[in-house]
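Architecture and fold: a report
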Amino acid sequence: MTISGASPKQGRDYIYLAIFSIQLCAILLVDLPPLYPSHLWEPEASPLHILLGLRGLYAKWTNDPYFVTPHAELPPWFRLFTFIEAGFQLPMVLWMFRVFEDARRGTTPRFELACVVFGVQVALTTLVCVWDVAFWDPIVYSVRDKTMFVFAIYGPWVVIPGVLALDMGKRLLARIEEGEKYKAASEEKKSQ
């Protein structure tokens, strides 16, 4: 393996493909509709009106305050996270999907570095949501409800991207070590 070439396809890349396929669907179908032009999804006859129903089902099932509350009334930090999701996470997930889906292609240093940034960003922004759960109204959200949000709904999106960042970071470090060994061997040859 060289520092600039593609690393071999890893078995866990197929797991990432499955996970980020789910994330892509969640981003497009549940998280981002408030940013879409309202005429495309709010009126009953609109082409994407089904998205309003999907968001409604999720809100009814979980009573998630980030989805029950109209987007414009959410805390500014959460709205910022939505814009980050649209502007950074969505393009990254599309790129990751393409790379992980190609059975012949391994990962490149640029891709691995981008995945480290992506993983840290998603883990940290989701961790803010996990932290916020502790401060939700205890009359509306029981300890059981809050536990569900922390461990079943938001928690996995702290852990999974964190694991991705660690994995890609390890791949980058292996490249660096390989490059350092190659450089040392080249310098040794020159000195002989």
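Along each chain, the written sequence defines residue order, and numbers are assigned to residues from 1. Only residues with pLDDT of at least 70 get local features here, since the model is predicted, and only at 80 or more are side-chain atom pairs given and counted; chain-wide, interface and lining totals rely on the full set of residues. Note that water and hydrogens are dropped before the side-chain values are worked out from all heavy atoms of the structure.

On to the UniProt feature "transmembrane region" (unreviewed entry) in the chain, then. UniProt positions are given in the numbering used here, feature names are shortened, and annotations may be inferred rather than shown by experiment. Sites flagged by UniProt as "transmembrane region" (unreviewed entry) map to residues 14-36, 77-99, 111-136 and 148-166. Structurally, residues 111-136 comprises 88% helix and 0% strand, and the distance from its first C-alpha atom to its last is 37 Å. Segment residues 148-166 splits into 95% helix and 0% strand. End C-alpha atoms: 26 Å apart. To qualify as a helix, a DSSP run of H or I must reach at least 4 residues; to qualify as a strand, a run of E must reach at least 2; elements of each kind are numbered from the N terminus.

A few words now on helix 5 (residues 76-101). One less than the residue count of a helix, multiplied by 1.5 Å, gives the span that helix is expected to have. In this model, helix 5 (26 residues) spans 35 Å end to end at C-alpha, consistent with the 38 Å of a helix rising 1.5 Å per residue. Of all bends in helix 5, the biggest is about 40°, found at Glu 85. Throughout, exposure labels follow a simple rule: accessible area from a 1.4 Å probe, protein chains only, divided by the maximum for the residue type, with under 20% read as buried, over 50% as exposed, and the rest as partly exposed. All of the buried residues in helix 5 are Phe 78, Phe 81, Thr 82, Glu 85, Gln 89, Leu 90, Met 92, Val 93, Met 96, Val 99 and Phe 100. Where helix 5 is buried, its residues contact helix 1 (11-31), helix 4 (65-68), helix 6 (109-133) and helix 8 (156-191). Fitting axes to the seven residues ending at a residue and to the seven starting there, one defines the bend at that residue as the angle between these axes. Whether two residues touch is decided by their heavy atoms; if any such pair falls within 4.5 Å, the residues are in contact.

In this section: the packing of helix 5 against helix 6. Packing of helix 5 against helix 6 leaves a shortest axis separation of 10 Å and a crossing angle of 145°. Taken as a pair, helix 5 and helix 6 cross one another with a handedness that is left-handed. When helix 5 is examined against helix 6, the residues Trp 77, Phe 78, Phe 81, Ile 84, Phe 88, Gln 89, Met 92, Val 93, Trp 95, Met 96, Val 99 and Phe 100 are found in contact with a partner set consisting of Arg 110, Phe 111, Ala 114, Cys 115, Val 117, Phe 118, Gln 121, Val 122, Thr 125, Val 128, Cys 129 and Asp 132. In the contact of helix 5 with helix 6, the residues fall into 19 nonpolar, three polar and two charged. Fitted lines through C-alpha atoms give the axes, limited to the stretch in contact for helices. The angle between two N-to-C directions lies from 0 to 180 degrees. Left-handed is the label given to a crossing in which the near helix is rotated counterclockwise from the far helix by less than a right angle, and right-handed is the label when the rotation is clockwise. Gly falls in the polar group here, along with every residue not listed as nonpolar (Ala, Val, Leu, Ile, Met, Phe, Trp, Tyr, Cys, Pro) or charged (Asp, Glu, Lys, Arg).

So, on to the nonpolar core. The term nonpolar core refers to a set of buried residues drawn from Ala, Val, Leu, Ile, Met, Phe, Trp, Tyr and Cys, joined through side-chain atoms within 4.5 Å. Phe 20, Met 96, Phe 100, Phe 118 and Leu 164 are the most contacted members of the largest nonpolar core, which has 20 residues in total. Of all the secondary structure elements, the ones that give two or more residues to this core are helix 1, helix 5, helix 6 and helix 8. Ranked by size, the runner-up nonpolar core spans 17 residues in total, among them Phe 67, Leu 74, Trp 136 and Ile 153.

What follows is about the pattern of salt bridges. When a carboxyl oxygen of Asp or Glu lies within 4 Å of a side-chain nitrogen of Lys or Arg, that pair is called a salt bridge. Evaluated as defined, the whole model comprises four salt bridges. In this structure, the salt-bridge partner of Asp 167 is Arg 12, at a minimum N-O distance of 2.9 Å. Here Asp 167, found in helix 8, pairs with Arg 12, found in helix 1; they are 155 residues apart in sequence, far enough to count as distant. Relative accessible area serves as the criterion here: at 7%, Asp 167 is assigned to the buried category. In this structure, the salt-bridge partner of Asp 13 is Arg 171, at a minimum N-O distance of 2.6 Å. One end of the pair, Asp 13, is in helix 1; the other, Arg 171, is in helix 8, and 158 residues separate them in sequence.

What follows concerns the packing of aromatic side chains. Ring geometry is summarised as follows: Phe, Tyr and Trp rings, the Trp one being its six-membered ring, pair when their centres sit within 6.5 Å, and such pairs are stacked at plane angles under 30 degrees, edge-to-face over 60 and tilted between the two. Summed over all chains, the structure comprises 19 aromatic pairs. Ring geometry for Tyr 66 and Tyr 154: centres 5.9 Å apart, planes at 70°, overall edge-to-face. Highlighted residues: Tyr 66 in helix 4 and Tyr 154 in helix 7 (residues 143-154), separated in sequence by 88 residues. Taking relative accessible area as the criterion, Tyr 66 reaches 4% and is therefore assigned buried. We classify Tyr 154 as buried; its relative accessible area is 9%.

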